Amino acid sequence: MRKKIVIANWKMNHDFHETTNFLRNLLKIFLEKKINHNKEIIIAPSFPFLHISNQILQGTTLKVAAQNIHQMDKGSYTGEVSASMLKSIGISKVILGHSERREFFIEKNDILLKKIRIALKYEFHIIFCVGETAFERNQNQQFNIVKNQLKETVFHCSSDEIRFFYIAYEPVWAIGTGKVATYEQAQTMHEFIRSLFLERYGESVSNKISILYGGSVNNLNAKALLLQKDIDGGLVGNSSLKLEKFLEIIQS
Ligand code: PGA
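What counts and what doesn't
- Residues numbered from 1 in each chain as written.
- Predicted model: local features only at pLDDT ≥ 70, side-chain atom pairs only at ≥ 80, totals over all residues.
- Heavy atoms only, no water.
- Axes fitted to C-alpha atoms, helices over the stretch in contact; angles between N-to-C directions.
- Helix = DSSP H or I, 4+ residues; strand = E, 2+ residues; numbered from the N terminus.
- Parallel < 35°, antiparallel > 145°, perpendicular 65-115°, else oblique.
- Left-handed = near helix turned anticlockwise from the far one by under 90°.
- Contact = heavy atoms within 4.5 Å.
- Nonpolar A, V, L, I, M, F, W, Y, C, P; charged D, E, K, R; others polar.
- Near = heavy atom within 4 Å.
- Polar contact = N/O pair within 3.5 Å; in protein donor to acceptor, adjacent residues only side chain to side chain.
- Areas by Shrake-Rupley, 256 points an atom, 1.4 Å probe, with all protein chains shown as cover.
- Buried < 20%, exposed > 50% of the residue type's maximum accessible area, 1.4 Å probe, protein only.

Undergrad: What is the right way to look at the packing of helix H1 (residues 16–31) against helix H11 (residues 243–251) in this model?
TA: Packed helix pairs are characterised by how far apart their axes lie and by the angle those axes make with each other. Between H1 and H11, the least distance of the axes is 11 Å, while the angle of their chain directions is 40°. Here H1 lies oblique to H11, going by the angle between them. Between H1 and H11 lies a crossing whose hand is right-handed. Here H1 contributes Phe22, Asn25, Leu26, Ile29 and Phe30 to the contact with H11, which in turn contributes Leu243, Phe246, Leu247 and Ile250. For the contact of H1 with H11, a count of residues per class yields eight nonpolar, one polar and no charged.

The following block contains the structure:
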């Protein structure tokens, strides 16, 4: 049985005070056992607050992820952050392939494969995002698009390396729009993604790989989404910024 996972992707939100207050309050609620859940929880704050976030959550079941890494080990890349830097402050999870990185920072599959390589070198767990645009869905291309995104990136990895991955299906048209995929659309795509893993790596890997849904997940729709057979959790943007909503999602 795959454990359910909820990941908070804070994007470029929450300053130092908001980040530390959120995490301290969340931790207090967890330690006082005020909530009932059995999910893996991961929070992805901005770079400057990863260190303090990790310190606050140290020794607990709550984990911290980075939202990006650079594809090179080190060097003259002004403004960038490397996997080894993050590793040196105890971070070992990273989100890669998010549609905002693909769109605004022109991260194509070849760059993403390099990012995967460097992340694996430092033994990061990778939350790898795939998903089609509205235009691509209207053309009924969603399955080809997602297959290709995986083929050119994750599927270059060995079955041994696949244990470091979580896959997040995030239809671009559902991200930050309030337009969540129907349970059927999401389940159908998740089942398809799992079948691709079956084809590429066999049954054991395809049964184990966690496939999360992202795109306008909130406290009202999380429960039904997470009940779908092949949906193993949620990658949550907007609705993870408010503690009350996030707690509801964790408990759904
Ligand atoms: P959203 O973002 O929940 O605000 O749609 C999800 C994401 O981009 O990961």
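Moving on from the model shown.
Undergrad: So what exactly am I meant to see when it comes to the site of the ligand here?
TA: Neighbouring residues of the ligand: 13 residues in total, closest Lys11, His98, Glu170, Gly176 and Ser216. Note that an oxygen atom of the ligand is positioned 2.8 Å from one of the backbone N or O atoms of Ser216. Here an oxygen atom of the ligand and a backbone polar atom of Asn238 are 2.9 Å apart. Computed on the free molecule, the ligand has an accessible area of 280 Å², of which 98% lies beneath the protein chains in the complex. Counted by class, the shell around the ligand contains four nonpolar, seven polar and two charged residues.

Undergrad: Explain the environment of Thr177 to me, please; I cannot follow it from the model alone.
TA: Within the secondary structure, Thr177 is located in the loop between strand E6 (165–169) and helix H8 (183–201). A residue is classified by how much of its surface remains accessible, and Thr177, at 43% relative accessible area, is partly exposed. For Thr177 and Ser216, which are 39 residues apart along the polypeptide, the C-alpha to C-alpha distance reads 6.5 Å. A distance of 3.3 Å separates a polar side-chain atom of Thr177 from the backbone oxygen of Ala174. Separated by 3.1 Å, the side chain of Thr177 and the backbone nitrogen of Lys179 make a polar contact.

Undergrad: Looking at this model, I keep getting lost on the environment of Lys34. Mind explaining?
TA: As for its position among the elements, Lys34 is in the loop between H1 and strand E2 (40–44). Look at Lys34 and you get exposed, because its relative accessible area is 57%. With 70 residues separating them in the primary sequence, Lys34 and Phe104 have C-alpha atoms 40 Å apart. Within the structure, the side chain of Lys34 is placed 2.7 Å from the side chain of Glu32, a separation counted as a polar contact.

So far we have only geometry, and geometry alone does not tell us how the molecule works.
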